[in-house]
Amino acid sequence: MDLSNGSVVTEFILLGFSAPWELQIVFFVTFCLIYGATVLGNILIMVTVACSSSLHFPMYFLLGNLSVLDLCLSTVTTPKMIRDLLAEHKTISIWGCMAQMFFMHFFGGAEMTLLIAMAFDRYVAICKPLHYRTIMSHRVLGGFVVLSWTIGFIHTMSQMVLTVNLPFCGPHIIDNIFCDLPLVIKLACVETYTLELFVIADSGLLSLICFLLLLVSYTVILVTVQQRSSGGLSKALSTLSAHITVVTLFFGPCIFIYAWPFSSFAGNKILAVFYTVITPLLNPIIYTLRNQKMQKAMRKLQC
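Rules used in this analysis
Residues numbered from 1 in each chain as written. Predicted model: local features only at pLDDT ≥ 70, side-chain atom pairs only at ≥ 80, totals over all residues. Heavy atoms only, no water. 1 Å grid on protein atoms, 1.4 Å probe; cavity = no way out; pocket = protein on both sides within 12 Å on 5 of 7 lines; lining within 4 Å. Points joined across faces, edges and corners; volume = space filled by probe spheres on them. Helix = DSSP H or I, 4+ residues; strand = E, 2+ residues; numbered from the N terminus. Nonpolar A, V, L, I, M, F, W, Y, C, P; charged D, E, K, R; others polar. Expected span 1.5 Å × (residues − 1). Buried < 20%, exposed > 50% of the residue type's maximum accessible area, 1.4 Å probe, protein only. Pairing = 2+ DSSP bridges.

A.B. asks: I tried to follow empty space enclosed by the protein on my own but got confused; where do I start?
C.D. replies: In this approach a probe as big as a water molecule rolls over the atoms, and the regions it shows empty are the leftover space. In this structure the tally under the stated criterion is two cavities of 30 Å³ or more. Estimated volume of the second largest cavity: approximately 50 Å³. The wall of the second largest cavity is formed by Leu14, Leu15, Gly16, Phe17, Met81, Asp84, Leu85, Lys90, Asn176 and Ile177. Per-element tally for the lining of the second largest cavity: the top contributor is helix α2 (residues 58-85), with three residues. Of the residues that constitute the lining of the second largest cavity, the class distribution is six nonpolar, two polar and two charged.

A.B. asks: Just checking my understanding: could you explain helix α3 (residues 94-127) for this structure?
C.D. replies: Counting along an α-helix, one turn takes 3.6 residues, and residues three or four places apart therefore face a common direction. Helix length check: α3, at 34 residues, gives a terminal C-alpha distance of 49 Å against a target of 50 Å (1.5 Å per residue), a fit within 8%. With 25 of its 34 residues buried, α3 lies for the most part within the structure.

A.B. asks: Quick question: what am I supposed to make of the pairing of strand β1 (residues 11-14) here?
C.D. replies: Residues in a regular strand point their side chains to alternate faces of the sheet. Side-chain alternation along β1 places Phe12 and Leu14 on a buried face and Glu11 and Ile13 on a face that remains uncovered. Two elements, β1 and strand β2 (residues 91-93), share three bridges in a ladder whose sense is antiparallel. Note that in β2 the partner of Phe12 across the bridge is Ile92. Two strands pair when backbone bridges link them, and β1 and strand β3 (residues 173-174) are joined in this way by two bridges, in the parallel orientation. Each residue of the ladder has a partner; that of Leu14, found in β3, is Ile174.

Below, the structure is given as structure tokens:
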């Protein structure tokens, strides 16, 4: 295809929310408050875990790293989305779009792996408490963190190396609040059917498989606890409920977005907001409001 005629696309238009100006202002204020709370909440968790000796346990180490990923994931999309709410022309350069997609899948893939590591940590803590310190050693924890970032990098690179050189010379309107890989691929000037299938396999199946693995792991924990002690089941449920909530709310939108990535789905923008704006806020809310040790450590820092 000859792209030397000056029709090469250099920027994309993000449609964002189609709403009256007054409602756009409401969205602007709401998302500013949510993003501010996300930044402050996740930074507070990171500082508390790092500075409180009482939280120097594997679970809180992994929680601190989860806060880092949540903060990064939210920052990739939310500030741009907030700015576009008041902008007349919602544009993003093609390389800005590529960078946004790269970091979204980078941090998203890393968080999927870290959530599996957190599930393994809860399995060892509940089912093998006498061996917890031995199994969840500093070396293992460091390996989990390195593995999560490595898988995130491999996940995003496997898709972006096939996307970054696609020619864009025609339509340049993205019906979303940020650059979403399936929607951007559809705008390419070449046949992308094979690449579309690869994205479904890479992102969609990865999300679904990780989600199913996590559900199986939590089921094994609950069954093991029930067989050992009926009274311990309620305690295990209380401990795992926060993890199950985070996992469900994180993977749910991902699975829906990538299960039907190339079809028109009216709720895509809602799911996108939930995935990139709401979910990163749930980590500090769920883990701080339900964890007495975390609350106690935060009060000590304030003194």
